[in-house]
Amino acid sequence: TDRPTSRSSAPTTSSDRHAMSHPFSEQTLAEFAAALQLNQVPESVQRRAEDLFLDWIGSALAGRGSRPVESIARFAAVMGPATGKSEILISRTRSTPYFAALVNAAASHVAEQDDVHNGSVFHPATVVFPVALAIAQDLGSSGAELLAAAIAGYEVGIRIGEFLGRSHYKIFHTTGTAGTLAAAVTASRLLQLTPDQMLNALGSAGTQAAGLWEFLRDAADSKQLHTAHAAASGLTAAYLARDGFTGAKRILTGLQGLAAGMSNNYDADRLTKGLGTRWALAETSFKFHASCRHTHPAADAVQKVLQENHLTAADVRAVTARVHQGAIDVLGPATHPKTVHQSKFSMGTVLGLIAVYGRAGLAEFDACYQDPAVIQFREKVTMDLDLEVDSAYPARWIGKVVVKTNEGRQFEGRVDEPKGDPGNTLSRSELEQKATRLALYGQAATVAEMQSIFGLVWSLRSAPSVPVLLDDAGVAPRSADLDEIR
């Protein structure tokens, strides 16, 4: 039979002693999330949650037509029912919460425009909101209940990502791992589970947590599978817990839990510090460029140097992006990208698009990542570890670049808060524009339909039930609309 190997003959490590002596953090998280009411959350955080929800809707709609996303959608169509109350946004079909969450989570993580929390290096929206929307629509939950569940998922998921630390992220995709537990919390809150049931859901979610970075080396499709799996597995864990299914009580800090298996620098204090007073959701950043967030600080810094010094791509001889180690770990394998998605993890390609076209948006990646001028610039870009940038990361993502010209001049650029960070955030008008561009990019909604969605989202807190976002008789955007994203 399978049973834990006795540790009696093995020496007890400092990590073991810390895990055994630390307060029951999992129980504290479960009690907080199960009891959270929207009226306990500051007004500014509630509004930020609405902002993040709209931003997620745009990312999900942008996934329409993506080959890996459509593959997952076809799987859901074969395996799941063709009717239900939960929307699959890219196809305007309905299904059960499980399959709707599965597809919407995959769709929202392919355009590389979904949100990110710097300190945990975690993309909460892509695993939290698919679950929140699917279950809320199925149960007829209010808008306030959806937002409370989403906020609970953000607060717990972000803290788990911070707890697991930098060593975890070096190998594991935190959005796939911590995201599974964030999804479970979101689902559990909407299902109104007790703290003990929530704790069981966390245990079942944690034992399913997965997601490895190796896919980047092969330009594989795994990143969309990570979020689909996280959302669906977290949802499954919550529904099972409601039925009495039990899970490990110390899935995070136990001797054979997530930290023991997936981290060598975890910090259990991060799980509960400031819980209910520090609102981590408010620290989440919006993504401005359509690429991996690790490229954004350098992209902003390069753009600043080129604009301030009136330089073109042809003027540049070499660019050194001074980065943190996490950027080298994630972006390093993507030296010669073979696909559009892999190119979004290539520092040289992102900076090349900025230099040649002035932006690194969805249209630029699709049409231009193999442009000879972009490739030529890509080969001029290198990444070097910078001690200041690395020591600030992940709490702060500083952008530093050195640009050398053909004439022998040298310019240094620095950005302390990339566009989209809380201190350099997007306004609601900018978020509406971004969401519209994303929807039109996926040909998933018209301008008029997006304007209707804006009204629904901005009034969500007072909605007695979560409405359908897009009707079943969808119309692809007119060509005039599509011009707006180019």
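Residues numbered from 1 in each chain as written. Predicted model: local features only at pLDDT ≥ 70, side-chain atom pairs only at ≥ 80, totals over all residues. Heavy atoms only, no water.

Draft legend 1. Seen up close, the packing of aromatic side chains. Tallying each qualifying case throughout the model produces ten aromatic pairs. Plain terms: the ring middles of Tyr98 and Phe99 are 5.0 Å apart, the flat faces sit at 80° to each other, and that makes the pair edge-to-face. When its relative accessible area of 31% is taken as the criterion, Tyr98 is described as partly exposed. Grouped by ring-pair contacts, the aromatic residues Phe53, Trp56, Phe129 and Tyr154 constitute a single cluster. Taking NZ or CZ as reference, Lys344 lies 5.5 Å from the ring centre of Phe365, over its face. (Phe/Tyr/Trp six-rings, centres within 6.5 Å; stacked < 30°, edge-to-face > 60°. Buried < 20%, exposed > 50% of the residue type's maximum accessible area, 1.4 Å probe, protein only. Lys NZ or Arg CZ within 6 Å of the ring centre and 35° of its normal.)

Draft legend 2. Structural detail: the confidence of the model for the protein chain. Mean pLDDT for the protein chain: 93, with 92% of residues reaching 70 or above. Predicted confidence is poor over residues 1-21, with pLDDT under 50, and the contacts of this stretch with residues over four places away or in other chains come to 16 contacts. (pLDDT = per-residue confidence, 0-100. Contact = heavy atoms within 4.5 Å.)

Draft legend 3. Structural context of the sheet that holds strand β4 (residues 381-385). The sheet built from four strands is open, its strands ordered β4-β3-β5-β6 with mixed pairing. In this open sheet, the two edge strands, each paired with only one partner strand, are β4 and β6 (410-415). Neighbour to neighbour, the strand axes of the sheet diverge by 20° on average, direction disregarded. Pairing geometry for strand β5 (residues 399-405) and β6, over six bridges, is antiparallel. Within β6, the residue paired with Val403 across the bridge is Phe411. Against the sheet, helix α13 (residues 296-308) makes contact with β3 (316-323), β5 and β6, and its axis sits at roughly 130° relative to β6, the strand it touches most. Strands β3 and β4 of the sheet are contacted by helix α16 (residues 347-357), whose axis makes an angle of about 125° with β4. (Pairing = 2+ DSSP bridges. Helix = DSSP H or I, 4+ residues; strand = E, 2+ residues; numbered from the N terminus. Axes fitted to C-alpha atoms, helices over the stretch in contact; angles between N-to-C directions.)

Draft legend 4. Inspection of the nonpolar core at higher detail. In terms of nonpolar packing, the biggest core is built from 110 residues, with Trp56, Leu61, Phe129, Leu181 and Leu252 touching the most fellow members. Take this core: its biggest share by element is 13 residues, from helix α7 (residues 143-171). If we skip the residues at most four places from it in the chain, Leu252 touches Glu26, Leu29, Ile160, Phe163, Leu181, Gly257, Leu258, Ala259 and Leu271. Ranked by size, the runner-up nonpolar core spans 46 residues in total, among them Trp213, Val319, Ala321 and Ile354. (Core = buried A, V, L, I, M, F, W, Y, C linked by side-chain atoms within 4.5 Å.)

Draft legend 5. Spotlight on the side chain of Glu364. Counting through the fold element by element, Glu364 comes out in helix α17 (residues 362-368). When residues no more than four places from it in sequence are discounted, the contact partners of Glu364 are Leu353, Tyr357, Arg359 and Tyr369.

Draft legend 6. Layout of the pattern of salt bridges. As enumerated under the stated definition, the model contains 28 salt bridges in all. Here Asp221 ties to Arg67 by a salt bridge, and the two come within 2.8 Å at their closest N and O atoms. On the criterion of sequence distance, the pair formed by Asp221 in the loop between α10 (215-218) and α11 (222-242) and Arg67 in helix α4 (residues 67-79) is long-range, its members being 154 residues apart. Here Lys170 ties to Asp329 by a salt bridge, and the two come within 3.0 Å at their closest N and O atoms. (Salt bridge = Lys/Arg side-chain N within 4 Å of Asp/Glu carboxyl O.)

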